[in-house]
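One-letter residues, chain by chain:
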Amino acid sequence: MYKKLFIPGPTHVRDEILLAQTAPMIGHRAPEYSALQLAVTAKLQQLLSTAPRVYLYARSSTGVMARSVRQASTRRMLNTVCGAFSKRWHQITAANGVPCDAISVSVGQAVTPELVDEALSKGGYDAITVVMNETSTGLMNPVAEIAALVREKYPDVLVLVDAVSCMAGVKIEFDAWGLDVCLAGVQKCFALPAGLTVCAVSDRARQRAKLVPNPGYYFAYADMDKRYEKGQTPATPAISLIQALNQQMDDILAAGLEARWQRHREMATIVQDWAREHFGLYSDERYLSETVTNVENTRGISVAGLNEELGKRGAMISNGYGELKEKCFRIAHMGDLTVDDIRWLLGEIDDILGLA
Ligand SMILES: *Cc1c(COP(=O)(O)O)cnc(C)c1O
């Protein structure tokens, strides 16, 4: 049976978007392709309140997380860690041979500007990584405030943001916040099939990349820039996904960005209220995510059992991530899901668990 996805990626994809992938193939050096890429890029710049460069990578987010740290530092990188995905970025940084340190807060807590300030004040760093929406704990770090602090006090430090599970679900102002890299795979809030990553990059970051001894080749900004103005990528792009993204961006912009942010906030509030009434909320209430809620399993239900029952009714949620398995469960409210979808899902859970 088809299951509607309420998991934090991949998310439910509308039929219109699935169909948009089946448009006839075009050559990636043909003018039609250039027009497509230039159009998509302009729409993404609108989504991000403008960014100097928006690259399209035929890869899942993790690959671009790796490529971005590889091009960002000539000295030492600071990785902020507040859960599984931010921890992974630290591991990726180390694995790519970039000298780095991690500062960690306990799982369910947010990274604050004060913490970042304390760590950067020790000196020696020229870049930091922050996961904007920590998908494993359902928590949103105050990226705008962190970036403001860095821009004001540490102008040489690049701010790299993993916005994988919130870009296109919450407002991001790339230029005004002073970000340097902001990336997201399209299988989450963009509500597309997986395989394409959007990555906004500042001029500062492109200049830095020129000083890095081994920025790599495939996906290096310098390589991407060779054909950027022309609306092309150095290697063959994920043409079908970009065609679908173009359609999705048209739909997103036509419905209005404010309406999209508002719908995400509304869905989050409904799930949070429901969780407070019947279970608990795992993460710091001041920083709850607007795209995914990590519900604390205070009733000791079998999460796997609940998901099995939901499956019979055509829905799927996520278990807790890693060590939080069965201790928590996650309900994603992102992408093209609606308030009605969320109310339906919660009604089914109430019915299965006898909560209503
Ligand atoms: C999903 C996710 C990733 C990994 O994305 P892939 O597409 O699987 O590479 C990274 N960071 C965050 C915050 C995520 O939610």
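Residues numbered from 1 in each chain as written. Predicted model: local features only at pLDDT ≥ 70, side-chain atom pairs only at ≥ 80, totals over all residues. Heavy atoms only, no water.

K.L.:
So what exactly am I meant to see when it comes to the environment of arginine 204 here?
P.N.:
Structurally, arginine 204 can be placed in helix H8 (residues 203-211). Its relative accessible area of 35% is what places arginine 204 among the partly exposed residues. Measuring from C-alpha to C-alpha, the distance between arginine 204 and aspartate 156 comes to 8.8 Å, with 48 residues separating the pair along the chain. When near neighbours in sequence (up to four residues on either side) are disregarded, arginine 204 contacts Arg151, Pro155, Leu158, Gly178, Leu179 and Asp180. (Helix = DSSP H or I, 4+ residues; strand = E, 2+ residues; numbered from the N terminus. Buried < 20%, exposed > 50% of the residue type's maximum accessible area, 1.4 Å probe, protein only. Contact = heavy atoms within 4.5 Å.)

K.L.:
Sorry, what's going on with the site of the ligand here?
P.N.:
Near the ligand there are 13 residues, and of these Ser60, Thr62, Thr135, Asp162 and Lys188 occur at the shortest range. The separation between an oxygen atom of the ligand and a polar side-chain atom of threonine 135 is 2.4 Å. Residue aspartate 162 places a side-chain N or O atom 2.7 Å away from a nitrogen atom belonging to the ligand. Compared with its free state, where it exposes 380 Å², the ligand has 89% of that area covered by protein. (Near = heavy atom within 4 Å. Polar contact = N/O pair within 3.5 Å; in protein donor to acceptor, adjacent residues only side chain to side chain. Areas by Shrake-Rupley, 256 points an atom, 1.4 Å probe, with all protein chains shown as cover.)

K.L.:
Would you mind going over empty space enclosed by the protein with me for this structure?
P.N.:
Rolling a probe over the atoms, with the probe sized like a water molecule, indicates the empty space that remains. Applying the stated criterion to the full structure yields two cavities of 30 Å³ or more. Estimates place the volume of the largest cavity at around 80 Å³. Forming the boundary of the largest cavity are Leu56, Tyr57, Ala58, Tyr218, Phe219, Met224, Thr233, Pro234, Ala235, Thr236 and Pro237. Considered class by class, the residues forming the lining of the largest cavity number nine nonpolar, two polar and no charged. Put simply, the second largest cavity is a space of about 30 Å³. What lines the second largest cavity is Thr137, Gly138, Gln272, Leu281, Leu288, Ser289, Val292, Thr293 and Asn294. Ranked by the residues each element gives to the lining of the second largest cavity, the list is headed by strand E12 (residues 292-296), at three residues. The residue inventory of the lining of the second largest cavity, partitioned by class, reads three nonpolar, six polar and no charged. (1 Å grid on protein atoms, 1.4 Å probe; cavity = no way out; pocket = protein on both sides within 12 Å on 5 of 7 lines; lining within 4 Å. Points joined across faces, edges and corners; volume = space filled by probe spheres on them. Nonpolar A, V, L, I, M, F, W, Y, C, P; charged D, E, K, R; others polar.)

Fair warning: the whole summary comes from geometry, so function is off the table for now.
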